[in-house]
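# Descriptive structure summary
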Amino acid sequence: MPLSNNVIGCINFISVLLSIPVIGAGIWLAMGTVNSCVKLLQWPVIILGILILLVGLAGFIGGFWRITWLLVVYLIAMLVLIVLLGVLVGFIYMVTIRGAGHPEPSRAYLEYSLQDFSGWLRRRVQRSYKWERIRTCLSTTTICPELNQRFTMALDFFNAPLSPIQSGCCKPPTKCGFTFVNPTYWISPIDMSADMDCLQWSNDQNTLCYSCDSCKAGLLANIKVDWLKADIFLLLALIGLIIVYIIGCCAFRNAETEDIFRKYKQGYT
């Protein structure tokens, strides 16, 4: 067996290993408290990782056992998957690049506006039938109730670095001028603001600000942070797959050249 075939088999096994961070990123996103309430791109990432795993195994088998047609299928399929992964990495970056929090006076946490995020992300939460499912899911988590256990004094709460989802969903927006009682119970001012989020707030622990635009914005801010972290792993896997693919193509060409030369030498002798 030519040395290049062994090299191809080893290289393709690296492709199998590179599928692990892709699958892992998808599973991590699917299992997160916030992300589990929003079904966005978790399953496409997991499925893409599984396809990379299967194609890498096909290339590994084809390399060690010199199954030429399987190697050709591997090279074509892996090229398609690399392109798809590259498109996914770029898409995640483009839809999550926007959406920064805004500081408020005498507050350590940030406030978030729905209009700051990309249109694609906004459409995922603005449709009422989608948000109702997400709102119900969020209300069953411990994201907000745990704040009551951590903070009893207003000053401690105002100086706390709340997560975006806690800032947007568990309290009324700072601009509404509510008076703190505890993190999820506030006294409304006599002159209510005309802002719809101020009117949406309720001290009912199953309602809070889950219907507010600030909650939707906080959710998207949380998603943005998690997806950018996952995008880094996907980018590293993409770079690794490109390098492995280029080396594999060179090794495959060398193996074909060796095979032709060997057949020619046998025919000559």
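What counts and how
Residues numbered from 1 in each chain as written. Predicted model: local features only at pLDDT ≥ 70, side-chain atom pairs only at ≥ 80, totals over all residues. Heavy atoms only, no water. UniProt positions renumbered as here; feature names shortened; annotations may be inferred. Helix = DSSP H or I, 4+ residues; strand = E, 2+ residues; numbered from the N terminus. Buried < 20%, exposed > 50% of the residue type's maximum accessible area, 1.4 Å probe, protein only. Contact = heavy atoms within 4.5 Å. Areas by Shrake-Rupley, 256 points an atom, 1.4 Å probe, with all protein chains shown as cover. 1 Å grid on protein atoms, 1.4 Å probe; cavity = no way out; pocket = protein on both sides within 12 Å on 5 of 7 lines; lining within 4 Å. Points joined across faces, edges and corners; volume = space filled by probe spheres on them. Nonpolar A, V, L, I, M, F, W, Y, C, P; charged D, E, K, R; others polar. Phe/Tyr/Trp six-rings, centres within 6.5 Å; stacked < 30°, edge-to-face > 60°. Lys NZ or Arg CZ within 6 Å of the ring centre and 35° of its normal. Disulfide = S-S within 2.5 Å. Core = buried A, V, L, I, M, F, W, Y, C linked by side-chain atoms within 4.5 Å. Patch = residues over 30% accessible without salt bridge, like charges linked within 9 Å, V, L, I, M, F, W, Y side chains within 5 Å. Salt bridge = Lys/Arg side-chain N within 4 Å of Asp/Glu carboxyl O. Axes fitted to C-alpha atoms, helices over the stretch in contact; angles between N-to-C directions. Parallel < 35°, antiparallel > 145°, perpendicular 65-115°, else oblique. Left-handed = near helix turned anticlockwise from the far one by under 90°.

As recorded by an unreviewed UniProt entry, the protein carries the name Protein TORNADO 2-like and is attributed to Camelina sativa. Regarding the protein, the relevant UniProt record gives this comment under Sequence similarities (unreviewed entry): "Belongs to the tetraspanin (TM4SF) family."

Time to look at the overall build of the protein. A tally of regular secondary structure across the protein gives ten helices and four strands. Judged by the C-alpha coordinates and their principal axes, the protein covers about 100 × 30 × 30 Å. The buried share of the protein, reckoned over its 269 residues, is 45%. Put simply, 69% of the contacts in the protein that link residues at least 6 apart link residues at least 24 apart. Within the structure as shown, the protein displays about 13800 Å² of accessible surface, and the carbon and sulfur contribution to it stands at 67%.

Gaps left between atoms show up when a probe the size of a water molecule is rolled over them. Estimated volume of the largest pocket: approximately 300 Å³. Residue lining of the largest pocket: 16 residues in total, with Tyr112, Ser113, Lys175, Asp197 and Ser214 positioned closest to the centre. At the level of secondary structure, the elements contributing two or more residues to the lining of the largest pocket comprise helix 9 (196-200) and helix 10 (213-268). Grouping the amino acids of the lining of the largest pocket by side-chain chemistry returns four nonpolar, six polar and six charged.

Let us look at the packing of aromatic side chains. Within this structure, the stated rule accounts for ten aromatic pairs. Note on tyrosine 109 and phenylalanine 157: the rings are 5.8 Å apart at their centroids and 55° apart in plane angle, and the pair reads as tilted. Note that tyrosine 109 is positioned in the loop between strand 1 (102-103) and strand 2 (110-111) and phenylalanine 157 in helix 7 (residues 154-158), a separation of 48 residues in sequence. Since its relative accessible area comes to 2%, tyrosine 109 is described here as buried. Each ring, one from phenylalanine 157 and one from tryptophan 186, has its centre 6.0 Å from the other, and the planes form 65°; the classification is edge-to-face. Separated by 29 residues along the polypeptide, phenylalanine 157 in helix 7 and tryptophan 186 in strand 4 (residues 185-187) bring together distant segments of the chain. For the pair formed by phenylalanine 157 and tryptophan 186, the shared burial category is buried. Members of the aromatic cluster, each reached through a chain of ring pairs, are Tyr109, Phe151, Phe157, Phe158, Phe180 and Trp186. For the cation-ring pair, arginine 124 lies above tryptophan 120, with the distance from its terminal atom to the ring centre recorded as 4.6 Å.

The subject of this paragraph is the state of the cysteines. Here the structure, examined in full by the defined rule, presents five disulfides. The partner cysteine of cysteine 144 in its disulfide is cysteine 170, sulfur to sulfur 1.9 Å. In this structure, the disulfide formed by cysteine 144 and cysteine 170 twists by about -80° around the S-S bond and is classed as left-handed. Taken together, the residues span a long stretch of sequence, with cysteine 144 in the loop between helix 5 (128-139) and helix 6 (145-150) and cysteine 170 in the loop between helix 8 (164-169) and strand 3 (179-182) at a distance of 26 residues. Here cysteine 144 matches cysteine 170 in class, with each residue buried. Across the disulfide from cysteine 209 sits cysteine 212; the S-S distance is 1.9 Å. On the sign convention where negative is left-handed, the bridge of cysteine 209 and cysteine 212, at about -90° about the S-S bond, is left-handed. An identical accessibility class is assigned to cysteine 209 and cysteine 212; each is buried. Disulfides within the protein link the bonded cysteines, taken in sequence order, as 1-2, 3-5, 4-10, 6-7, 8-9.

For the rest of this paragraph, the subject is the nonpolar core. Counting residues in hydrophobic clusters, the biggest one holds 71 residues, and the most contacted among them are Leu85, Leu138, Phe157, Leu219 and Leu234. Those residues in contact with leucine 138, other than ones at most four positions away along the chain, are Cys37, Trp131, Ile143, Ile165, Cys169, Tyr210, Cys215 and Leu219.

Moving on to a nonpolar patch on the surface. A contiguous nonpolar surface patch, about 660 Å² in accessible area, is contributed by Ile232, Phe233, Leu235, Leu236, Ile239, Ile243 and Ile247. By the secondary structure assignment, leucine 236 is in helix 10. Exposure remark for leucine 236: the relative accessible area of 53% places this residue in the exposed category.

Where helix 2 (residues 42-64) meets helix 3 (residues 68-96), the closest approach of the two axes is 9 Å, and the angle between their N-to-C directions is 155°. Taken together, the axes of helix 2 and helix 3 lie roughly antiparallel to each other. As helix 2 packs across helix 3, the resulting crossing turns out to be left-handed. The residues of helix 3 that touch helix 2, namely those facing Val45, Leu48, Leu51, Ile52, Val55, Gly56, Ala58, Gly59, Ile61, Gly62 and Gly63, are Leu70, Leu71, Tyr74, Ala77, Met78, Leu81, Leu84, Leu85 and Leu88. Its residues placed into classes, the contact of helix 2 with helix 3 shows 16 nonpolar, four polar and no charged.

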